[in-house]
Amino acid sequence: TQLLEQSPQFLSIQEGENLTVYCNSSSVFSSLQWYRQEPGEGPVLLVTVVTGGEVKKLKRLTFQFGDARKDSSLHITAAQPGDTGLYLCAGVNAGGTSYGKLTFGQGTILTVHP
Amino acid sequence: DTAVSQTPKYLVTQMGNDKSIKCEQNLGHDTMYWYKQDSKKFLKIMFSYNNKELIINETVPNRFSPKSPDKAHLNLHINSLELGDSAVYFCASNPFPTGELFFGEGSRLTVL
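Parameters and conventions
Residues numbered from 1 in each chain as written. Chains lettered and ligands numbered in written order. Predicted model: local features only at pLDDT ≥ 70, side-chain atom pairs only at ≥ 80, totals over all residues. Heavy atoms only, no water. Helix = DSSP H or I, 4+ residues; strand = E, 2+ residues; numbered from the N terminus. Rg over C-alpha atoms; globule rule 2.2 N^0.38 Å. Buried < 20%, exposed > 50% of the residue type's maximum accessible area, 1.4 Å probe, protein only. Pairing = 2+ DSSP bridges. Axes fitted to C-alpha atoms, helices over the stretch in contact; angles between N-to-C directions. Contact = heavy atoms within 4.5 Å. Buried area = accessible area lost by both parts, 1.4 Å probe. Salt bridge = Lys/Arg side-chain N within 4 Å of Asp/Glu carboxyl O. Nonpolar A, V, L, I, M, F, W, Y, C, P; charged D, E, K, R; others polar. 1 Å grid on protein atoms, 1.4 Å probe; cavity = no way out; pocket = protein on both sides within 12 Å on 5 of 7 lines; lining within 4 Å. Points joined across faces, edges and corners; volume = space filled by probe spheres on them.

**Q** Can you tell me about the overall build of chain B, naming the residues and giving the values?
**A** The helix and strand tally for chain B stands at 0 helices and 11 strands. Going residue by residue from the N terminus, the α and β elements of chain B occur as β-β-β-β-β-β-β-β-β-β-β. Taken over the C-alpha trace, chain B has a radius of gyration of 13 Å; the compact-globule value for 112 residues is 13 Å, and the two agree within 12%. If you line up chain B on its principal axes, its C-alpha atoms span 35 × 25 × 25 Å. A total of 112 residues make up chain B; the buried ones form 44% of that total.

Put into C-alpha coordinates, the structure is as follows:
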(Lines give C-alpha, C1' and ligand atoms only; values in the text may rest on other atoms or scores of the structure.)
Protein backbone atom coordinates (compact mmCIF):
# COMPACT_ATOMS: atom_id res chain seq x y z
CA THR A 1 0.00 0.00 0.00
CA GLN A 2 1.36 3.38 -0.98
CA LEU A 3 1.31 6.07 1.69
CA LEU A 4 1.73 9.81 1.37
CA GLU A 5 2.69 11.60 4.58
CA GLN A 6 1.59 15.22 4.55
CA SER A 7 2.78 17.76 7.11
CA PRO A 8 1.98 19.80 9.02
CA GLN A 9 -1.59 18.74 9.67
CA PHE A 10 -2.54 22.21 10.96
CA LEU A 11 -1.04 25.61 10.23
CA SER A 12 -2.26 28.87 11.74
CA ILE A 13 -0.38 31.96 10.63
CA GLN A 14 -0.71 35.72 10.27
CA GLU A 15 -1.31 37.47 6.98
CA GLY A 16 1.96 38.17 5.20
CA GLU A 17 3.86 35.17 6.54
CA ASN A 18 5.37 32.45 4.38
CA LEU A 19 4.68 28.76 4.79
CA THR A 20 5.59 25.38 3.36
CA VAL A 21 3.57 22.16 3.25
CA TYR A 22 5.32 18.86 2.64
CA CYS A 23 4.26 15.55 1.12
CA ASN A 24 6.59 12.60 1.50
CA SER A 25 6.47 8.98 0.46
CA SER A 26 8.75 6.00 0.11
CA SER A 27 6.98 5.19 -3.16
CA VAL A 28 7.53 6.66 -6.59
CA PHE A 29 4.59 8.36 -8.26
CA SER A 30 4.17 9.08 -11.95
CA SER A 31 2.87 12.53 -11.05
CA LEU A 32 1.57 14.44 -8.07
CA GLN A 33 -1.45 16.68 -7.81
CA TRP A 34 -2.20 19.42 -5.31
CA TYR A 35 -5.79 20.28 -4.44
CA ARG A 36 -7.42 22.96 -2.31
CA GLN A 37 -10.73 22.38 -0.58
CA GLU A 38 -12.97 25.02 0.96
CA PRO A 39 -15.67 24.23 3.56
CA GLY A 40 -18.78 22.67 2.05
CA GLU A 41 -17.14 22.10 -1.32
CA GLY A 42 -15.15 19.44 -3.09
CA PRO A 43 -11.39 19.68 -3.67
CA VAL A 44 -10.27 21.71 -6.68
CA LEU A 45 -7.04 21.03 -8.53
CA LEU A 46 -4.29 23.66 -8.16
CA VAL A 47 -1.48 22.02 -10.11
CA THR A 48 -0.03 18.75 -11.37
CA VAL A 49 3.72 18.14 -11.31
CA VAL A 50 5.03 15.39 -13.52
CA THR A 51 8.80 15.56 -13.98
CA GLY A 52 11.29 14.91 -11.18
CA GLY A 53 12.70 18.25 -9.99
CA GLU A 54 9.89 20.21 -11.64
CA VAL A 55 8.93 23.57 -10.16
CA LYS A 56 5.61 25.24 -10.98
CA LYS A 57 4.41 28.65 -9.86
CA LEU A 58 0.86 29.80 -9.47
CA LYS A 59 0.97 33.46 -8.38
CA ARG A 60 2.22 33.29 -4.75
CA LEU A 61 2.19 29.47 -4.67
CA THR A 62 5.27 27.47 -5.65
CA PHE A 63 5.06 23.70 -6.13
CA GLN A 64 8.05 21.41 -6.36
CA PHE A 65 8.30 17.72 -7.24
CA GLY A 66 11.27 15.86 -5.78
CA ASP A 67 13.99 14.57 -8.08
CA ALA A 68 13.05 10.97 -7.29
CA ARG A 69 9.31 11.71 -7.63
CA LYS A 70 8.68 10.55 -4.06
CA ASP A 71 8.02 13.89 -2.43
CA SER A 72 6.61 17.32 -3.11
CA SER A 73 6.25 20.68 -1.43
CA LEU A 74 3.93 23.65 -1.63
CA HIS A 75 5.31 27.03 -0.61
CA ILE A 76 3.06 30.06 -0.16
CA THR A 77 4.63 33.49 -0.05
CA ALA A 78 2.96 36.36 1.83
CA ALA A 79 -0.11 34.35 2.77
CA GLN A 80 -3.49 36.05 2.64
CA PRO A 81 -6.78 35.22 4.40
CA GLY A 82 -8.13 34.03 1.05
CA ASP A 83 -5.53 31.22 1.13
CA THR A 84 -7.35 29.66 4.08
CA GLY A 85 -8.50 26.12 3.34
CA LEU A 86 -7.58 22.45 3.29
CA TYR A 87 -4.62 21.59 1.05
CA LEU A 88 -4.32 18.03 -0.21
CA CYS A 89 -1.55 16.34 -2.12
CA ALA A 90 -2.31 13.24 -4.18
CA GLY A 91 0.14 10.86 -5.76
CA VAL A 92 -0.84 9.27 -9.06
CA ASN A 93 -0.09 5.60 -9.68
CA ALA A 94 0.42 4.84 -13.31
CA GLY A 95 1.09 1.15 -13.39
CA GLY A 96 -0.28 -2.28 -12.69
CA THR A 97 -3.51 -2.92 -10.89
CA SER A 98 -3.36 0.50 -9.24
CA TYR A 99 -3.48 2.35 -12.55
CA GLY A 100 -5.29 5.64 -12.09
CA LYS A 101 -5.60 5.29 -8.35
CA LEU A 102 -4.73 8.44 -6.45
CA THR A 103 -3.21 8.22 -2.99
CA PHE A 104 -4.10 11.27 -0.94
CA GLY A 105 -2.10 12.77 1.89
CA GLN A 106 -3.84 13.47 5.19
CA GLY A 107 -4.30 17.14 4.32
CA THR A 108 -3.11 20.43 5.82
CA ILE A 109 -5.67 22.80 7.30
CA LEU A 110 -4.33 26.31 6.75
CA THR A 111 -5.78 29.31 8.56
CA VAL A 112 -4.46 32.75 7.69
CA HIS A 113 -5.47 35.46 10.17
CA PRO A 114 -5.86 39.07 9.00
CA ASP B 1 -24.30 24.12 -15.17
CA THR B 2 -22.71 22.10 -12.38
CA ALA B 3 -20.07 19.74 -13.77
CA VAL B 4 -20.37 17.02 -11.12
CA SER B 5 -23.55 17.09 -9.10
CA GLN B 6 -24.54 14.78 -6.29
CA THR B 7 -27.70 14.50 -4.23
CA PRO B 8 -28.61 14.79 -1.52
CA LYS B 9 -26.15 17.26 0.00
CA TYR B 10 -27.17 16.29 3.53
CA LEU B 11 -28.48 12.99 4.81
CA VAL B 12 -29.42 12.29 8.43
CA THR B 13 -30.66 8.81 9.22
CA GLN B 14 -30.90 6.14 11.88
CA MET B 15 -28.60 3.14 12.29
CA GLY B 16 -29.78 0.15 10.31
CA ASN B 17 -31.47 2.14 7.57
CA ASP B 18 -30.61 1.93 3.85
CA LYS B 19 -29.78 5.06 1.88
CA SER B 20 -28.61 6.07 -1.58
CA ILE B 21 -26.55 8.94 -2.96
CA LYS B 22 -26.76 9.85 -6.62
CA CYS B 23 -24.10 11.42 -8.82
CA GLU B 24 -24.16 12.80 -12.34
CA GLN B 25 -21.43 14.42 -14.42
CA ASN B 26 -21.95 16.40 -17.61
CA LEU B 27 -18.26 16.61 -18.55
CA GLY B 28 -18.27 13.61 -20.87
CA HIS B 29 -15.71 11.81 -18.70
CA ASP B 30 -15.34 8.05 -18.88
CA THR B 31 -14.17 7.50 -15.29
CA MET B 32 -16.13 8.18 -12.11
CA TYR B 33 -15.28 7.64 -8.45
CA TRP B 34 -16.65 7.55 -4.94
CA TYR B 35 -14.43 8.91 -2.18
CA LYS B 36 -15.06 9.00 1.57
CA GLN B 37 -13.77 11.91 3.66
CA ASP B 38 -13.70 11.25 7.39
CA SER B 39 -13.88 13.72 10.27
CA LYS B 40 -10.11 14.23 10.08
CA LYS B 41 -10.47 15.28 6.41
CA PHE B 42 -8.70 12.18 5.10
CA LEU B 43 -9.90 11.39 1.58
CA LYS B 44 -10.00 7.69 0.71
CA ILE B 45 -11.05 6.11 -2.55
CA MET B 46 -13.88 3.60 -2.37
CA PHE B 47 -14.78 2.73 -5.95
CA SER B 48 -13.91 3.65 -9.49
CA TYR B 49 -15.86 2.97 -12.68
CA ASN B 50 -14.63 3.35 -16.23
CA ASN B 51 -17.41 3.50 -18.80
CA LYS B 52 -19.79 1.60 -16.49
CA GLU B 53 -17.23 -1.07 -15.60
CA LEU B 54 -15.92 -1.39 -12.03
CA ILE B 55 -12.13 -1.00 -12.05
CA ILE B 56 -11.21 -0.09 -8.47
CA ASN B 57 -12.90 -1.63 -5.46
CA GLU B 58 -11.07 -0.82 -2.26
CA THR B 59 -11.56 -2.67 1.00
CA VAL B 60 -15.08 -1.44 1.54
CA PRO B 61 -17.79 -3.40 3.42
CA ASN B 62 -20.18 -5.11 1.03
CA ARG B 63 -22.97 -3.02 2.57
CA PHE B 64 -21.75 -0.42 0.07
CA SER B 65 -22.86 -1.12 -3.47
CA PRO B 66 -22.08 1.22 -6.35
CA LYS B 67 -24.06 1.19 -9.54
CA SER B 68 -23.35 2.90 -12.85
CA PRO B 69 -26.36 2.86 -15.20
CA ASP B 70 -24.38 4.80 -17.81
CA LYS B 71 -21.02 6.54 -17.92
CA ALA B 72 -22.50 9.86 -16.76
CA HIS B 73 -24.03 8.44 -13.59
CA LEU B 74 -22.61 6.67 -10.56
CA ASN B 75 -24.81 5.96 -7.58
CA LEU B 76 -23.92 4.63 -4.14
CA HIS B 77 -26.29 2.52 -2.10
CA ILE B 78 -25.54 1.77 1.54
CA ASN B 79 -27.36 -0.96 3.45
CA SER B 80 -27.68 -1.35 7.20
CA LEU B 81 -26.03 1.96 8.03
CA GLU B 82 -23.64 2.07 10.98
CA LEU B 83 -22.39 4.96 13.10
CA GLY B 84 -18.95 4.67 11.47
CA ASP B 85 -20.45 5.37 8.07
CA SER B 86 -20.92 9.00 9.07
CA ALA B 87 -18.70 11.01 6.73
CA VAL B 88 -18.76 13.20 3.65
CA TYR B 89 -19.00 11.17 0.45
CA PHE B 90 -17.59 12.75 -2.70
CA CYS B 91 -18.30 11.77 -6.24
CA ALA B 92 -15.62 12.66 -8.78
CA SER B 93 -14.80 12.13 -12.43
CA ASN B 94 -11.86 12.55 -14.77
CA PRO B 95 -11.29 12.27 -18.51
CA PHE B 96 -8.65 9.56 -18.06
CA PRO B 97 -7.60 7.64 -14.93
CA THR B 98 -4.46 9.67 -14.18
CA GLY B 99 -5.94 13.06 -14.93
CA GLU B 100 -7.35 15.87 -12.84
CA LEU B 101 -10.25 14.88 -10.63
CA PHE B 102 -13.40 16.96 -10.76
CA PHE B 103 -15.30 16.62 -7.50
CA GLY B 104 -18.91 17.16 -6.60
CA GLU B 105 -19.83 19.25 -3.57
CA GLY B 106 -20.10 16.22 -1.33
CA SER B 107 -22.92 14.49 0.53
CA ARG B 108 -22.69 14.70 4.30
CA LEU B 109 -24.09 11.53 5.83
CA THR B 110 -24.87 11.49 9.54
CA VAL B 111 -25.91 8.21 11.11
CA LEU B 112 -27.58 8.51 14.53
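**Q** Go over the sheet that holds strand E8 (residues 71–76) of chain A, please, and point to the residues and values.
**A** Residue and element names in this part refer to chain A. Across the sheet, which stays open at both edges, the 5 strands sit in the order E1-E3-E8-E7-E6 with antiparallel pairing between neighbours. Whereas interior strands pair on both sides, the edge strands pair on one side only; in this sheet they are strand E1 (5–7) and strand E6 (55–58). On average, adjacent strands in this sheet sit at an angle of 15° to one another, irrespective of strand direction.

**Q** Which residues make up the interface of chain A and chain B, and what are the values?
**A** Of the residues lining the interface, 20 residues belong to chain A; the matching set on chain B comes to 20 residues. Note on chain A versus chain B: buried area summed over both sides is about 1,600 Å², and carbon and sulfur give 60% of it. Along the contact surface separating chain A from chain B lie 0 salt bridges. Secondary-structure elements contributing two or more residues to the side of chain A that touches chain B are strand E4 (31–37), strand E9 (85–92) and strand E10 (102–104) of chain A. Looking at side-chain class alone, the side of chain A that touches chain B contains 10 nonpolar, 8 polar and 2 charged residues.

**Q** Any details on the layout of surface pockets? Residues and values, ideally.
**A** Empty space left among the atoms is revealed by rolling a probe the size of a water molecule over them. Of the voids in this model, the largest pocket is the one considered here, and its volume is about 430 Å³. Around the largest pocket, the lining is made up of 26 residues, and of these A:Gly40, B:Gln37, B:Lys41, B:Val88 and B:Arg108 lie nearest the centre. At the level of secondary structure, the elements contributing two or more residues to the lining of the largest pocket comprise E9 and strand E11 (108–113) of chain A together with strand E9 (87–94) and strand E11 (107–111) of chain B. A per-class count over the lining of the largest pocket returns 9 nonpolar, 10 polar and 7 charged.

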